[in-house]
Amino acid sequence: MFAATAIDSSDKAVFYRDLATQLKALLEGERDSIANAANTSALIYQMVPDLNWAGFYFLASDEELVLGPFQGKPACVRIAVGKGVCGTAVDLGMSMLVKDVHDFPGHIACDADSRSELVVLLRDNDGVFGVLDLDSPTPSRFDKEDQAGIEKLASIFVAASSFED
């Protein structure tokens, strides 16, 4: 049975390295993408400080993301590609780090308490198939170190799951 261990978050590089080690251990031997998404979002939500939402959106078509496993308040179920932070990340083909969502044109407020957001792409051999989305009630909560750390976690999720079969 896996049990998350507390990690000191004062050094982000060390924090994300240790969190990546825990995620690999948590997902080891499991190929089901839904189970892995559920456990990945739960671990991130439990371990990453100052979050109010952590979860996945998967492309249901070239034009729409659909909600996947997550932790936090109920969320928007469908997001058009090109809309909001998640849809814009997919449309532009890049991660999005938004210091204050009130300053992001077209932000979709699924939770009015969210103030900053980090969205990283999920990619397999066929390209982008979804996003990993983190929200915080604190403006400027995320920085480039967080982005790099969460991108690494997303790559561990993709590698562990059945997307690359």
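Note: the structure precedes this text.
Residues numbered from 1 in each chain as written. Predicted model: local features only at pLDDT ≥ 70, side-chain atom pairs only at ≥ 80, totals over all residues. Heavy atoms only, no water.

**With respect to the sheet that holds strand β5 (residues 116–124)**
(1) Moving on: Read from one edge of the open sheet, six strands run β3-β2-β1-β6-β5-β4, paired in antiparallel fashion. Edge strands, defined here as strands with exactly one partner in the open sheet, are β3 (78–80) and β4 (96–98). Each strand of the sheet is rotated relative to its neighbour by a mean of 25°, with strand direction disregarded.
(2) Moving on: Bridge analysis of strand β1 (residues 53–61) against strand β6 (residues 127–136) gives six bridges, and the strand direction is antiparallel. (Pairing = 2+ DSSP bridges. Helix = DSSP H or I, 4+ residues; strand = E, 2+ residues; numbered from the N terminus. Axes fitted to C-alpha atoms, helices over the stretch in contact; angles between N-to-C directions.)

**Some words on helix α2 (residues 33–47)**
(1) Moving on: Here α2 contains 15 residues, and its C-alpha end-to-end distance of 21 Å stays within 8% of the 21 Å for a straight helix at 1.5 Å per residue.
(2) Moving on: Residues of α2 that are buried include every one of Ser33, Asn36, Ala37, Thr40, Ser41, Leu43, Ile44 and Met47, and no others. Buried residues of α2 fall within an arc of 165° about the axis and therefore sit on the same side.
(3) Moving on: On the buried face of α2, the contacting elements are α1 (12–27), β1, β2 (64–72), β6 and α4 (144–160).
(4) Moving on: Sitting at the head of α2, Asp32 places a side-chain oxygen 3.1 Å from the backbone nitrogen of Ile34. (Expected span 1.5 Å × (residues − 1). Buried < 20%, exposed > 50% of the residue type's maximum accessible area, 1.4 Å probe, protein only. Arc of directions from axis to C-beta. Contact = heavy atoms within 4.5 Å. Polar contact = N/O pair within 3.5 Å; in protein donor to acceptor, adjacent residues only side chain to side chain.)

**Some remarks on the nonpolar core**
(1) Moving on: Leu19, Ile44, Leu122, Leu132, Leu134, Ile150 and Leu153 are the most contacted members of the largest nonpolar core, which totals 31 residues.
(2) Moving on: Elements that contribute at least two residues to this core include exactly α1, α2, β1, β5, β6 and α4.
(3) Moving on: With sequence-adjacent residues up to four places away left out, Ile44 is seen in contact with Leu51, Ala54, Leu132, Leu134 and Leu153.
(4) Moving on: By size, the runner-up hydrophobic cluster in this structure holds 16 residues, among which are Leu65, Ala75, Val85 and Cys86. (Core = buried A, V, L, I, M, F, W, Y, C linked by side-chain atoms within 4.5 Å.)

**Considerations on the pattern of salt bridges**
(1) Moving on: The full count for this structure, using the stated rule, is seven salt bridges.
(2) Moving on: A salt bridge links Arg141 to Asp146; its shortest N-O distance comes to 3.3 Å. A single burial state applies to Arg141 and to Asp146, both of which are buried.
(3) Moving on: One network of salt bridges, in which partners are shared, links Lys12, Arg141, Asp143 and Asp146. (Salt bridge = Lys/Arg side-chain N within 4 Å of Asp/Glu carboxyl O.)

**A short note on unusual backbone geometry**
(1) Moving on: Look at Asp50: it is not a glycine, yet its phi comes out positive at around 65°.
(2) Moving on: Here Asp50 lies in the loop between α2 and β1.
(3) Moving on: With a relative accessible area of 35%, Asp50 lands in the partly exposed category.
(4) Moving on: In this model, Ser140 sits at a positive phi of 60°, which is unusual for a non-glycine residue.
(5) Moving on: Positionally, Ser140 belongs in the loop between β6 and α4.
(6) Moving on: Under the relative-accessibility criterion, Ser140 is labelled partly exposed at 44%.

**Regarding the packing of α1 against α2**
(1) Moving on: Two elements in contact, α1 and α2, have axes separated by 11 Å at closest approach and are oriented at 150°. In this view, α1 runs roughly antiparallel relative to α2, as classed from their interaxial angle. Seen along the crossing, α1 lies across α2 with a hand that is right-handed. Residue-level inspection shows Phe15, Leu19, Gln22, Leu23, Leu26 and Leu27 of α1 in contact with α2, the latter providing Asn36, Asn39, Thr40, Leu43 and Met47.
(2) Moving on: Its residues assigned to classes, the contact of α1 with α2 shows seven nonpolar, four polar and no charged. (Parallel < 35°, antiparallel > 145°, perpendicular 65-115°, else oblique. Left-handed = near helix turned anticlockwise from the far one by under 90°. Nonpolar A, V, L, I, M, F, W, Y, C, P; charged D, E, K, R; others polar.)

**Thoughts on the environment of Asp124**
(1) Moving on: By the element assignment, Asp124 lies in strand β5.
(2) Moving on: Separated by 34 residues in the primary sequence, Asp124 and Val158 have C-alpha atoms spaced 6.9 Å apart.

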